[in-house]
Each structure stands twice: as C-alpha cells, then as structure tokens.
Amino acid sequence: MKKYLLTVLISLTALASYAQTENPHMTFKGVPIDGTRSQFVQKMKQKGFSIIDSSDNITLLSGSFAGYTNCDMAVLALSNMDLVCAVGVFFPECDTWSALYGNYASLKKMLTQKYGEPSDVVEKFDGYSEPNDDMSRMLKVKMDRCKYYSIFETSKGDIELLIDHDDHTSCFVSLTYRDRLNILKEQSQAIDDL
C-alpha cells in the first residue's frame, strides 16, 4: 500500500510541476508570444530572421518559415505598452492562382495536422458567379473580392490563414498568430479607462 501511495504522490507531483512550467502564451517557432518587442525580435534573430525595419509598435523581419524562403514577418506590440501580442508572416508573392491557392492549401493542411480542424473557414469569391480561369481569380484577389481564410482556435490564442493582397498588385498568403492573454491585457486596460 505504501508503495502504491508513493507512486501516486510522485505522479501527482510530476503533473503539478508540468502544469506550472507550461507557458500560457501562444508560441511562434517555439518562442512564446510574450515579453517586450526587442526581446522577442532578438529571439527571432537567433532563429535566422533579420530586421528590415522598425517603427512605433511594429518590427518587420525577413527569413524562412514553414519550408518557405523569403518570408516577411511583422512583430506587433500593444500600442499602449511594450508587450508583444501578435506575429504575422507574409509568404512570397504569387503571380498565378494555382501557386497562391497551392500555398494556402499546403499551409492549411499543415495547420490542421498540428491544431485540428479550423473553427471558421470561408473560401469563396464575391459576385454572381465563380471566376473560371486563373487570371479572373487573381483579378478578384486584387480587387478584394476573394474571401479565403481559415481560423484555428487554441486555448492560448488563434491563428488566421488568409489569401491577401497589397495595393492591387501583390497577392500572397498571410498567417497571423495572436496571443490571447496579452490581447486580453490590452482590452482590460481599455475597459479600465472607461
């Protein structure tokens, strides 16, 4: 009996220790989305990213992510405090729908393998009919008439995969990781102001 109780006690101690050391923040490349922007950027530099530009609460970096080279990354800090709350990845620009959708579908499959089925998916073009060729689909993307996104919810935050465009010229896939705990801190501070 003593041997059984000792085994149970050791197991419970190990579980309690694990629960205390588990980080409550969303992670990006294994790094918690937390701390100051400069601390987080330094960790991304150690992972091979290089700084492109930095402004008020955003730092832009460049590097490889999820098997894709030449990705841009934005590290976003809360506007009212120097606390990282989100990381966005912008995959290389695509000139054809098949390449653009291929990137989206490949990343969606990997995210589904890691996080399970998305909580919200919209994959459609606006208008009366679906475009029927590559050029028409790309035109819809550039005109902001393409709604392709998947959102993956976790207990630590959410991840949004999106087919996007910039200034009616560049089409690309973006991926945004948002940390729930730090965003709630900002909302709580905003509510305190009311």
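For the structure, check the block above.
Remember, it's a predicted structure, so these values are computed and weren't measured experimentally.

Student: Sorry if this is basic, but what is going on with the environment of asparagine 57 here?
Tutor: If you trace the backbone, asparagine 57 turns up in the loop between strand S3 (50-54) and strand S4 (58-65). Counting along the chain gives 27 residues from asparagine 57 to valine 84, while the straight-line C-alpha distance between them is 8.9 Å. The contacts of asparagine 57, once residues within four sequence positions are left out, are Arg37, Val75, Leu76, Ala77, Leu78 and Ser79.

Student: Sorry if this is basic, but what is going on with the packing of aromatic side chains here?
Tutor: Between two aromatic rings, the relevant description is the distance of the centres plus the angle of the planes. In this structure the tally under the stated criterion is 13 aromatic pairs. Pairing phenylalanine 65 with phenylalanine 91 gives two aromatic rings, centres 6.2 Å apart and planes at 50°, and the pair type is tilted. You can see phenylalanine 65 sitting in strand S4 and its partner phenylalanine 91 sitting in the loop between strand S6 (84-90) and helix H3 (97-115), a full 26 residues away along the chain. Classification of phenylalanine 91 as buried rests on a relative accessible area of 2%. Centre to centre, the rings of phenylalanine 65 and tyrosine 177 are 6.4 Å apart; their planes meet at 90°, and the pair counts as edge-to-face. Placement of phenylalanine 65 in strand S4 and of tyrosine 177 in strand S10 (residues 170-179) is noted, with a sequence separation of 112 residues between them. Among the aromatic side chains, those forming a connected cluster through ring pairs are Phe28, Phe65, Tyr68, Phe91 and Tyr177.

Student: Even after reading the chapter, I still don't get H3, so can you show me in this structure?
Tutor: Turn by turn, an α-helix covers 3.6 residues, leaving residues three or four places apart pointing in a common direction. Compared with the 27 Å implied by 1.5 Å per residue over 19 residues, the 26 Å span of H3 between its first and last C-alpha is a close match. All of the buried residues along H3 are Trp97, Leu100, Asn103, Tyr104, Leu107, Lys108 and Leu111. End-on view of H3: buried residues confined to an arc of 140°, all on one side of the axis. Seen from the buried face of H3, the exposed residues on the opposite side, beyond 90 degrees, are Ser98, Lys109 and Gln113. Buried residues along H3 sit against strand S5 (68-77), strand S7 (120-125), helix H4 (134-142), strand S8 (146-154), strand S9 (157-166) and S10. Of the residues flanking the end of H3, it is glycine 116, one or two places downstream, whose phi is positive at about 90°.

Definitions and cut-offs
Residues numbered from 1 in each chain as written. Predicted model: local features only at pLDDT ≥ 70, side-chain atom pairs only at ≥ 80, totals over all residues. Heavy atoms only, no water. Helix = DSSP H or I, 4+ residues; strand = E, 2+ residues; numbered from the N terminus. Contact = heavy atoms within 4.5 Å. Phe/Tyr/Trp six-rings, centres within 6.5 Å; stacked < 30°, edge-to-face > 60°. Buried < 20%, exposed > 50% of the residue type's maximum accessible area, 1.4 Å probe, protein only. Expected span 1.5 Å × (residues − 1). Arc of directions from axis to C-beta.

This is a description of form; function is not addressed.
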